[in-house]
Amino acid sequence: MRIHADQEKCCGAGSCVLAAPDVFDQRDEDGIVVVLDAEPPAALHDAVREAAAICPAAAISVTD
Amino acid sequence: MTTAQRPQEAHHAHPDTPASADALTVPATRATGCPFDPAPTVERARREEPVTRATLWDGSSCWLVTRHEDVRTVLGDPRFSADAARPGFPFLTAGLRELATGTRASRTFIRQDDPEHARLRRMLTAEFMVKKVEAMRPEVQRLTDELLDAMTDGRNAADLVAEFALPLPSLVICLLLGVPYEDHTFFQQRSAVLLSLRSSAEEARAASDELLAYMTHLAEAKRERPDDGIFSRLVARGELDSEEIASMGRLLLIAGHETTANMTALSTLALLRNPGQLARLRSEPSLIKGAVEELLRYLTIVHNGVPRVAVEDVTLGCRTIRAGEGVLCALNTANRDEAVFPGGDTLDVGRDARRHIAFGFGVHQCLGQPLARVELQIALETLLRRLPGLRLAVPFEEIPFRHDMGIYGVHALPVAW
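The notes below deal with the structure included here. Everything numeric in this text was worked out from a predicted model, so none of it was measured.

Examining the overall build of chain B
- Along its length, chain B carries 18 helices and ten strands.
- In terms of overall dimensions, chain B is globule-like: its C-alpha atoms have a radius of gyration of 21 Å, near the 22 Å expected for 417 residues.
- For the C-alpha atoms alone, the extent of chain B along its principal axes is close to 65 × 55 × 35 Å.
- In chain B, which comprises 417 residues, the share counted as buried stands at 56%.
- Looking at chain B alone, contacts between residues at least 24 apart form 72% of all its contacts between residues at least 6 apart.
- Accessible area of chain B: about 16700 Å², with a carbon and sulfur share of 52%.
- Seen as two clouds, the 48 positive and the 56 negative side-chain charges of chain B have centres 3 Å apart.

Dropping the structure here:
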């Protein structure tokens, strides 16, 4: 799995951080998404897919 | 406002409207005895005609979108505008129309599109990000315990709204913003007028002007004596003029009040009415985070729909929404949609409800949701733990539900313990 997060699209709602806190964080200065681990282990794939599904700005995409 | 912009004159009989369609009006009335469920007319629309025409209070008409997938599409697609100044934008009340179109100062970024919306929103995103809000847990817990100490001091009954559910988020947002809590009666009353479906345009305008004047005065005070609140930081940025500062401050103050307060009280009532779920949550406190998501889904207190207007023709299901036509997205029926939440009419604190859209969807989705979650998790967990004998102090039928308000909930919740 490879994750791409579009910082231009991100609206800083923070739902990805709640869904997958080991994979996503927010930039201190403006709360915009930061990917901590762009190729996370399999155990986190479901959480990442959930984060992508609930992202309100459709800023997170995942390729397998 | 020019005559051409008035919604009642911007709409005409729609060619797609079936001649036999029942007249669906919004806001719609809930069924007697089912105060947690969406209005039956809107629920029927979700099952039978998920993209349908509806009539608003002023006789104008708009589209009503009721299914989860369609609501996400509308709220996530820039072909639907949040700009309330556009002709055809649907308003739920005279007061909201007045607010959104009255003066430049009354406009806020929730009723604007990108890039202006994004510019203004990004001034605030750092303030409500997850790690910053999570760091506030000890403070929110302290305020929660203090309020419950005062409420239970030598007594065994109280109005949970007045003594707990409303003061908690009010104290928290005042602290965060740097607004003096001792002014709370003033701004809570104005906030209630602005969010009431019964307020006239004149009443809404007066409440709006008083709040803007208050925030303008406060901005001047922060410029002279800055503190570490959000409002001082906004003033110090120097990017907003005084009208923009006042309207943004007012938005944050209102948004922090009615929403979390009503979720806290209504959640408590919903749990008291579902004793099996209440018992499960008490015996497994670790469920609280998921239970809050489920309560957000089940109760969906933004219950009259989120407005948008189409900026180009868009086909949704088998309907074509034309440019300039208004759309209302029913969050509450979307959150009961069986396609996403099987058994959606049942409250189940063990359910994975994270795909709910109680905070909206798209780039306008609630900015304060991490804060709302922390407040709700702490408020409900602490309340249930500290008051094991919590019960209603009056018959359920006597509870005053907020059918008259833009944010659903209860006006009062008399409880005993």
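So, the pattern of salt bridges
Residues and elements named next belong to chain A.
- Here the structure, examined in full by the defined rule, presents 41 salt bridges over all chains.
- One salt bridge in this structure joins Arg49 and Asp64, with 3.0 Å as the shortest N-O distance. Separated by 15 residues along the polypeptide, Arg49 in helix 2 (residues 45-54) and Asp64 in the segment after strand 4 (60-63) bring together distant segments of the chain.
- You can call Asp64 exposed: its relative accessible area is 76%.

Reading guide: rules and limits
- Residues numbered from 1 in each chain as written.
- Chains lettered and ligands numbered in written order.
- Predicted model: local features only at pLDDT ≥ 70, side-chain atom pairs only at ≥ 80, totals over all residues.
- Heavy atoms only, no water.
- Helix = DSSP H or I, 4+ residues; strand = E, 2+ residues; numbered from the N terminus.
- Rg over C-alpha atoms; globule rule 2.2 N^0.38 Å.
- Buried < 20%, exposed > 50% of the residue type's maximum accessible area, 1.4 Å probe, protein only.
- Contact = heavy atoms within 4.5 Å.
- Areas by Shrake-Rupley, 256 points an atom, 1.4 Å probe, with all protein chains shown as cover.
- Lys, Arg positive; Asp, Glu negative; His and termini not counted.
- Charge placed at Lys NZ, Arg CZ, Asp CG, Glu CD.
- Salt bridge = Lys/Arg side-chain N within 4 Å of Asp/Glu carboxyl O.

Read these as spatial facts, not as claims about activity.
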